[in-house]
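# Structural overview
Below, each chain spelled out in residue letters.
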Amino acid sequence: YSLFHAVAAFNNCSFTLFTDGFYNASLRYSYILHLAIAGLIVFGSLGFASLRELFGIQQMRERLRLPWKTLSVSTRIALYSTIALGLFGALSFYFIEQNNTLAGHKPVEQAISSIFMSVTCRTAGLSVVPVSQLMPGMLLLMMFLMFVGASSGSTGGGIKTSSFFLIFISAYNTLRGRQGLQVFRHSVYPELLNKAFTILVFAITFIFFSTVALCITDPNQQVLHLAFEEVSAFSTTGLSAGITSALSSYGRLILIVSMFIGRIGPLTLAFAI
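Residues numbered from 1 in each chain as written. Predicted model: local features only at pLDDT ≥ 70, side-chain atom pairs only at ≥ 80, totals over all residues. Heavy atoms only, no water.

Each helix and strand counted, the chain has 12 helices and two strands in total. Secondary structure elements of the chain, listed N to C terminal, follow the sequence α-α-α-α-α-α-α-α-β-β-α-α-α-α. Over its C-alpha trace the chain gives a radius of gyration of 19 Å, about what one expects of a compact globule, namely 19 Å for 273 residues. Referenced to the eigenvectors of the C-alpha coordinate spread, the extents of the chain come out at roughly 55 × 45 × 35 Å. Evaluated residue by residue, the chain yields a buried proportion of 48% over its 273 residues. The contacts in the chain between residues at least 6 apart in sequence include a share of 65% that link residues at least 24 apart. Accessible surface computed for the chain: about 14300 Å², of which carbon and sulfur atoms make up 68%. With 16 positive and 9 negative side-chain charges, the chain shows a spacing of 14 Å between the two charge centroids. (Helix = DSSP H or I, 4+ residues; strand = E, 2+ residues; numbered from the N terminus. Rg over C-alpha atoms; globule rule 2.2 N^0.38 Å. Buried < 20%, exposed > 50% of the residue type's maximum accessible area, 1.4 Å probe, protein only. Contact = heavy atoms within 4.5 Å. Areas by Shrake-Rupley, 256 points an atom, 1.4 Å probe, with all protein chains shown as cover. Lys, Arg positive; Asp, Glu negative; His and termini not counted. Charge placed at Lys NZ, Arg CZ, Asp CG, Glu CD.)

Shown next, in the form of structure tokens:
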């Protein structure tokens, strides 16, 4: 069981050996386990190139010998984006769900659960609270975190933190009236920014029309829950608002296609077409 869940967590996979996931009565209050699983999810979401640069023996020796040498731009983007999105998600979950799904827990326990739920939105799909009982505002924020997803070259999905980071910096530079795009004093090729915008537009368009299709095939379900299921499928997260088993065959087929396209990547599919 330990080996299975360690592999599942590092690979950002939402499979567990418990029917109710980590909300199982025997795991619900195992906060040390929650931190361990959250750590594995973070490492898996950073990307193998970033992990090698951060923890490779040769790279660590080189940083000790040349302390002025900085990390590569891609690794810094992955690291800073992971920290920023993790803190944003954890704080949001803590304040929104404090009197809802986190009610009855001690402050430290609430903080750990908030960190876990923020991390798991990075396409891991494991949960320590009942997702179907979350507040609508928290579901929307989780959809945003799932949409961004993990870092490039990682085991997770989503549009990737690198695409989101470039688009965010580009918007910031536009508001400041700056010309060109620089990240950590390095110029960014326009082609990279164009690819990031292409991924964003394709992903938003696909999710929108897929959600509309789900509303047609399953009109008895709430629109927010259908949108949550679609974003979760496209980002290969695996979180569910508890309606997946109640969807029609056509609704499940839409989620299957979404998971496939989200896994191979929207840009890969666009180039293939």
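Counting across every chain of the model gives zero disulfides. Its sulfur unpaired, C121 is 16 Å from the next cysteine sulfur, which belongs to C13. (Disulfide = S-S within 2.5 Å.)

Our focus in this paragraph is the nonpolar core. Ranked by size, the top nonpolar core spans 52 residues in total, and within it M142 and F228 carry the most contacts. Looking at this core, the elements that each hand over two or more residues are α2 (31-46), α5 (73-97), α6 (107-120), α7 (136-148), α8 (161-176), α9 (190-217), α10 (223-234) and α12 (266-272). The element contributing the most residues to this core is α7, with eight residues. Contacts of M142, omitting those with residues within four sequence positions, involve M117, C121, L134, F228 and L239. Membership of the second largest hydrophobic core comes to seven residues, among which are L214, L226, A233 and L247. (Core = buried A, V, L, I, M, F, W, Y, C linked by side-chain atoms within 4.5 Å.)

Bear in mind that shape data such as this cannot, by itself, settle questions of function.
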